[in-house]
Amino acid sequence: MTTVDFITALFYEVDAQRGAIPTPPEAHLWPSEVVTLGLLHALKGGGNRAFYRWLTRDEWALLPQLPERTRLFRLCTTQPWGTPAFLAAPTGLGVMDTYGIELLHPMREGRRPQQMGRKGLANHR
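1. A short note on the overall build of the protein
Along the protein, the regular secondary structure elements total 5 helices and 0 strands. For the protein, the succession of helices and strands along the chain, N to C, is α-α-α-α-α. Burial status across the protein gives 22% buried among its 125 residues. Excluding contacts between residues fewer than 6 apart, the proportion of contacts in the protein whose partners are at least 24 apart in sequence is 45%. If you sum the accessible surface of the protein, you get close to 9,300 Å²; carbon and sulfur atoms cover 57% of it.

2. Some details on the pattern of salt bridges
For the structure shown, the criterion picks out 1 salt bridge. For Arg57, the salt bridge identified is with Asp58, shortest N-O distance 3.2 Å.

3. Quick notes on a nonpolar patch on the surface
On the surface, a nonpolar cluster with roughly 370 Å² of combined accessible area is contributed by Met1, Phe6 and Leu43. With respect to the secondary-structure elements, Leu43 resides in helix α2 (residues 31-44).

4. A few points about the nonpolar core
Counting 17 residues, the largest nonpolar core has Leu37, Leu55, Leu66 and Leu72 as its most contacted members. If one sorts the elements of this core by residue count, α2 sits on top with 5 residues. The contacts of Leu72, once residues within four sequence positions are left out, are Leu29, Leu37, Tyr52, Leu55, Leu66 and Pro67.

Rules behind the numbers
- Residues numbered from 1 in each chain as written.
- Predicted model: local features only at pLDDT ≥ 70, side-chain atom pairs only at ≥ 80, totals over all residues.
- Heavy atoms only, no water.
- Helix = DSSP H or I, 4+ residues; strand = E, 2+ residues; numbered from the N terminus.
- Buried < 20%, exposed > 50% of the residue type's maximum accessible area, 1.4 Å probe, protein only.
- Contact = heavy atoms within 4.5 Å.
- Areas by Shrake-Rupley, 256 points an atom, 1.4 Å probe, with all protein chains shown as cover.
- Salt bridge = Lys/Arg side-chain N within 4 Å of Asp/Glu carboxyl O.
- Patch = residues over 30% accessible without salt bridge, like charges linked within 9 Å, V, L, I, M, F, W, Y side chains within 5 Å.
- Core = buried A, V, L, I, M, F, W, Y, C linked by side-chain atoms within 4.5 Å.

If you want it as structure tokens, here you go:
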């Protein structure tokens, strides 16, 4: 599946979920296009500038009416209605991460057979 096929399929799913939403007459992008770009940015990761550079360099043919970078990301924040339908429910393992609060100190790793995670080398190890 090419990138164009993926973006087209993602837009189709967003548009099918949201149905007919009125668009202001002065808008250059449909609301479904804005939500698609927001989801694509979330899936691709990285910063705003890098995403916009990639979008204008590689996918310009899909969106010839693409607004300027800051206006595009302002549009993404003003139309948050589309993302909750595509987000998965949080799970216990999906919510935990190893950066914030340490769930297990590295010195105590391996003391219990039921421990959930494993830490890397840190703190005198």
